[in-house]
Amino acid sequence: MSPSMFEKKQAPRRSHQVSVSEEDYLKAIYGMQLELQEPISARLSEALGVTPPAVTTALRRMARRGHVRVDSKGGRIRLTPKGQRIAQSLVLRHRLIERLLTDVLGMDWKVVHAEAEKLEHAISKELERRLLDRFGRDASCPHGNPFFGGVAKLRRLGVKPLRQAEPGEHLKLIRVNERDYGFLAFLERLALRPGAEIRVIEKTFDETMTVRVGRRQHYLGRSTTEQIWVKAVDKG
């Protein structure tokens, strides 16, 4: 076989493709933005479970590819418009997949985050569009994260962490931290899922809360109440 014949059979190189690893970095940076956290190397290292030198190397590579900008003085990381588009699509796909897995395939809400972490890199734009048509732009994932937007959007809608609530408030659970299976299992045992109604009974000096969910009463520490987001229910 001549070199020219062999070369014709090779798939063309696609230097514009983004690796799964780089997509994870972009999504992590964007996720911090959605949570109104400052994206810095230390947070990326912790969120992705990689060493600080690995983060530095990855950021340099992404900067060369035009996906991020890093402030040489303060270390602030910013997504470029190009990087932002990639990250937004990944977050949307993640939330769409979670909704597909729970609503259509009947999977447990506690496990779909981990499944979506794998599948979000593989679905096509066409499937993304069809899922968005199916569930609607104003929907959210099974854990209460809106398909579009993050903390800033939730706050505009009157949603706040449960730890900020006061005794006597009647609330609807809107969103919970989805990353920890053990935390979700704990909430499920207490019937604390998005849509549940909560009455705050007591709040102590250390922010431990007594709440009522249905006929059951629970005691929740700050580590729990800061990971649950609620909205006031108008009982009038």
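Every value quoted in this text rests on a predicted model; they were computed, and no experiment measured them. (Residues numbered from 1 in each chain as written. Predicted model: local features only at pLDDT ≥ 70, side-chain atom pairs only at ≥ 80, totals over all residues. Heavy atoms only, no water.)

Q: What should I look at first to understand the overall build of the protein chain in this one?
A: Secondary structure assignment for the protein chain yields 10 helices and eight strands. Taking the principal axes of the C-alpha coordinates as reference, the protein chain spans close to 80 × 45 × 30 Å. Evaluated residue by residue, the protein chain yields a buried proportion of 38% over its 236 residues. Here the protein chain displays about 13600 Å² of accessible surface, and carbon together with sulfur accounts for 51% of that area. Considering the protein chain, the positive charge centre built from 44 side chains and the negative charge centre built from 29 side chains are found 5 Å apart. (Helix = DSSP H or I, 4+ residues; strand = E, 2+ residues; numbered from the N terminus. Buried < 20%, exposed > 50% of the residue type's maximum accessible area, 1.4 Å probe, protein only. Areas by Shrake-Rupley, 256 points an atom, 1.4 Å probe, with all protein chains shown as cover. Lys, Arg positive; Asp, Glu negative; His and termini not counted. Charge placed at Lys NZ, Arg CZ, Asp CG, Glu CD.)

Q: Got a minute to help me understand the packing of aromatic side chains in this structure?
A: When we look at a pair of aromatic rings, we describe it by the centre distance and by the angle of the planes. What the rule picks out here adds up to zero aromatic pairs. Across the ring face of Trp229, the terminal group of Arg175 is positioned such that the distance to the ring centre comes to 5.4 Å. The lysine or arginine in question, Arg193, covers the ring of Trp109, its NZ or CZ lying 4.4 Å from the ring centre. (Phe/Tyr/Trp six-rings, centres within 6.5 Å; stacked < 30°, edge-to-face > 60°. Lys NZ or Arg CZ within 6 Å of the ring centre and 35° of its normal.)

Q: When you look at the side chain of Glu120 in this model, what are you seeing that I'm missing?
A: Here Glu120 lies in the loop between helix H6 (112–119) and helix H7 (125–135). A polar atom in the side chain of Glu120 sits 2.7 Å from the side chain of His94. Leave out the neighbours within four places in its chain, and Glu120 touches Asp24, Lys27, Leu90, Arg93, His94 and Ile97. (Polar contact = N/O pair within 3.5 Å; in protein donor to acceptor, adjacent residues only side chain to side chain. Contact = heavy atoms within 4.5 Å.)

Q: I'm lost on the packing of helix H2 (residues 20–34) against helix H3 (residues 41–48) in this one. Help?
A: Working note: a packed helix pair is described by the angle between its axes plus the distance between those axes. At a minimum axis separation of 10 Å, H2 and H3 run at an interaxial angle of 115°. Crossing of H2 over H3 shows right-handed handedness. Contact with H2, carried on its side by Asp24, Tyr25, Ala28, Ile29 and Met32, involves Arg43, Leu44, Ala47 and Leu48 of H3 and no other residues of that element. In terms of residue class, the contact of H2 with H3 is built from seven nonpolar, no polar and two charged. (Axes fitted to C-alpha atoms, helices over the stretch in contact; angles between N-to-C directions. Left-handed = near helix turned anticlockwise from the far one by under 90°. Nonpolar A, V, L, I, M, F, W, Y, C, P; charged D, E, K, R; others polar.)

Q: How should I be thinking about the sheet that holds strand S8 (residues 228–232) in this particular structure?
A: Backbone-to-backbone hydrogen bonds pair the strands of a sheet. The strands run either parallel or antiparallel. Read across the sheet, six strands follow the order S3-S8-S4-S5-S6-S7 without closing on themselves; strand pairing throughout is antiparallel. Two strands bound the open sheet, and with one partner strand each, they are strand S3 (159–161) and strand S7 (216–220). Neighbour-to-neighbour, the strand axes of this sheet turn through a mean angle of 40°, independent of strand direction. The sheet contact formed by strand S5 (residues 197–203) and strand S6 (residues 209–213) spans four bridges and is antiparallel. Bridging across to S6, Glu202 finds its partner in Thr210. (Pairing = 2+ DSSP bridges.)

Q: Honestly, the confidence of the model for the protein chain in this entry has me stumped. Any pointers?
A: Any region with low pLDDT has predicted coordinates that should not be read closely. With 92% of its residues at a pLDDT of at least 70, the protein chain reaches an overall mean of 90. Under a pLDDT of 50 for its full length, residues 1–15 has, in the predicted model, three contacts with residues more than four places off or in other chains. (pLDDT = per-residue confidence, 0-100.)

Q: Would you mind showing me how to read H6 here?
A: Because each turn of an α-helix spans 3.6 residues, side chains separated by three or four positions end up pointing in the same direction. Turning to H6, its buried residues are Val112, His113 and Ala116. The arc that holds the buried residues of H6, viewed along the axis, is 100°, so those residues lie on one side. Turning to H6, the residues buried within the fold contact helix H5 (81–104). (Arc of directions from axis to C-beta.)

Q: Is there a simple way to think about the environment of Arg155 in this case?
A: Looking at where Arg155 falls in the secondary structure, it is placed in helix H8 (residues 151–156). Separated by 74 residues in sequence, Arg155 and Trp229 place their C-alpha atoms 9.8 Å apart. Those residues in contact with Arg155 that lie beyond four places of it in its chain are Leu36 and Trp229.

Q: Help me out: how do you make sense of the pattern of salt bridges in this one?
A: Where charged atoms from two side chains of opposite charge come close, those side chains can pair. Counted according to the given criterion, the structure contains 20 salt bridges. Close ionic contact of Glu188 with Arg193 constitutes a salt bridge, the shortest N to O distance being 3.5 Å. Under the relative-accessibility criterion, Glu188 is labelled partly exposed at 31%. Here Arg222 and Glu226 are joined by a salt bridge, their closest N and O atoms 3.5 Å apart. The exposure class of Arg222 is partly exposed, given its relative accessible area of 36%. Overlapping salt bridges bring together Asp108, Lys110, Glu188 and Arg193 as one network. (Salt bridge = Lys/Arg side-chain N within 4 Å of Asp/Glu carboxyl O.)

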